[in-house]
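# Commentary on secondary and tertiary structure
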Amino acid sequence: NAGVTQTPKFQVLKTGQSMTLQCAQDMNHEYMSWYRQDPGMGLRLIHYSVGAGITDQGEVPNGYNVSRSTTEDFPLRLLSAAPSQTSVYFCASSLIRAGGGNEQFFGPGTRLTVL
Amino acid sequence: AQSVAQPEDQVNVAEGNPLTVKCTYSVSGNPYLFWYVQYPNRGLQFLLKYITGDNLVKGSYGFEAEFNKSQTSFHLKKPSALVSDSALYFCAVRVRSSGNTPLVFGKGTRLSVIA
């Protein structure tokens, strides 16, 4: 299994540009999520999904869109990039079982710089 | 609402000495608790989790954590630190539910093990 994969690894954007960060998993996990990691802020949840066609907002959703058309893929879209979106982005996935005791598996991250 | 506090930004310990990385949590209900480790320029890796049962949980790389309900704590411990344990450590909590509630992370603690 490849686990959770993310592309690209690095990206530089200009303010106002749009782009999509890709995330895919091959573990048949129902739950997928996007986090951003900033120094001193830990990991903050952007959006998450509990299955194909179902998404919900996390702590910091503004400026980001998601969709979940398949179990495997969960892309994150930046519609109009801003310097405040400079960060490292992580995708994670897990099974959903009664109670919520499943650990999440993380991708390697995408380092995004917005100029 | 659920939250996690990691009161120390940085923990320094000499190689061979025991280490403790502190975590306290707040949830409305019973928690599931997790520890993750992040090495430089990598994604997060799962270390261990508390679901139910024995309050002392053993995980990867010789780490263990003790769940203390009265103190709402889940401190990470290791009897003898290695230089290779130097990394960023995150505690996370999820309230016990139907399984699809988001995982909430602390801000992380940087562990430095000195030879």
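Anyway, here's the lowdown on the structure attached to this text. The structure displayed is predicted, hence computed values, not measured ones.

On to the interface of chain A and chain B. Across the contact, 24 residues belong to chain A and 26 residues belong to chain B. Taken over both partners, the interface formed by chain A and chain B buries close to 1,800 Å², and the fraction arising from carbon and sulfur atoms is 54%. On inspection of chain A and its partner chain B, the count reaches one salt bridge. Between Lys-49 of chain B and Glu-103 of chain A there is a salt bridge whose closest N-O contact spans 2.8 Å. Run the count over chain A and chain B and you get five residue pairs in polar contact (both at pLDDT 80 or more). Of all the secondary structure elements, the ones that give two or more residues to the side of chain A that touches chain B are strand S4 (31–38) and strand S5 (42–51) of chain A.

With that settled, consider the pairing of strand S10 (residues 87–95) of chain B. Two faces belong to every sheet, and in a regular strand the side chains alternate between them. All names here are of chain B. Of all nine residues that make up S10, nine are buried, and the element is covered over most of its length. Looking at chain direction, S10 and strand S12 (residues 109–114) are connected through three bridges and run antiparallel. Along S12, the bridge assignment pairs Leu-88 with Arg-110. Relative to strand S11 (residues 104–105), S10 runs antiparallel, the two being bridged by two bridges. Considered in S11, the bridge of Ala-92 is made with Phe-105.

Definitions and cut-offs
- Within each chain, residues carry numbers counting from 1 in the order of the written sequence.
- Chain A is the first chain written and ligand 1 is the first ligand written, with later ones labelled in order.
- In keeping with the model being predicted, local features are shown solely for residues with a pLDDT of at least 70 and side-chain atom pairs are shown and tallied solely at 80 or more, while totals for entire chains, interfaces and linings include all residues.
- Hydrogens and water molecules were not included; the side-chain quantities draw on all heavy atoms of the structure.
- In what follows, residue pairs with any heavy atoms lying within 4.5 Å of each other are defined as contacts.
- When two components associate, each loses some accessible surface as probed by a 1.4 Å sphere; the sum of these losses over both components is called the buried area.
- We define a salt bridge as a contact between a side-chain nitrogen of Lys or Arg and a carboxyl oxygen of Asp or Glu at a distance within 4 Å.
- A 3.5 Å cut-off defines polar contacts: any pair of N or O atoms within that distance qualifies, except that in protein one atom must be a possible hydrogen donor and the other a possible acceptor, and neighbouring residues in sequence count only when both atoms are side-chain atoms.
- Secondary structure elements follow DSSP: runs of H or I of four or more residues count as helices, runs of E of two or more count as strands, with numbering from the N terminus.
- Residue burial is assigned from relative accessible area. The probe radius is 1.4 Å, only protein chains are included, and a residue is buried under 20% of its type maximum, exposed over 50%, and partly exposed in between.
- Between any two strands, at least two bridges found by DSSP are needed for them to pair.

These results come straight from atomic positions and should not be treated as a statement about function.
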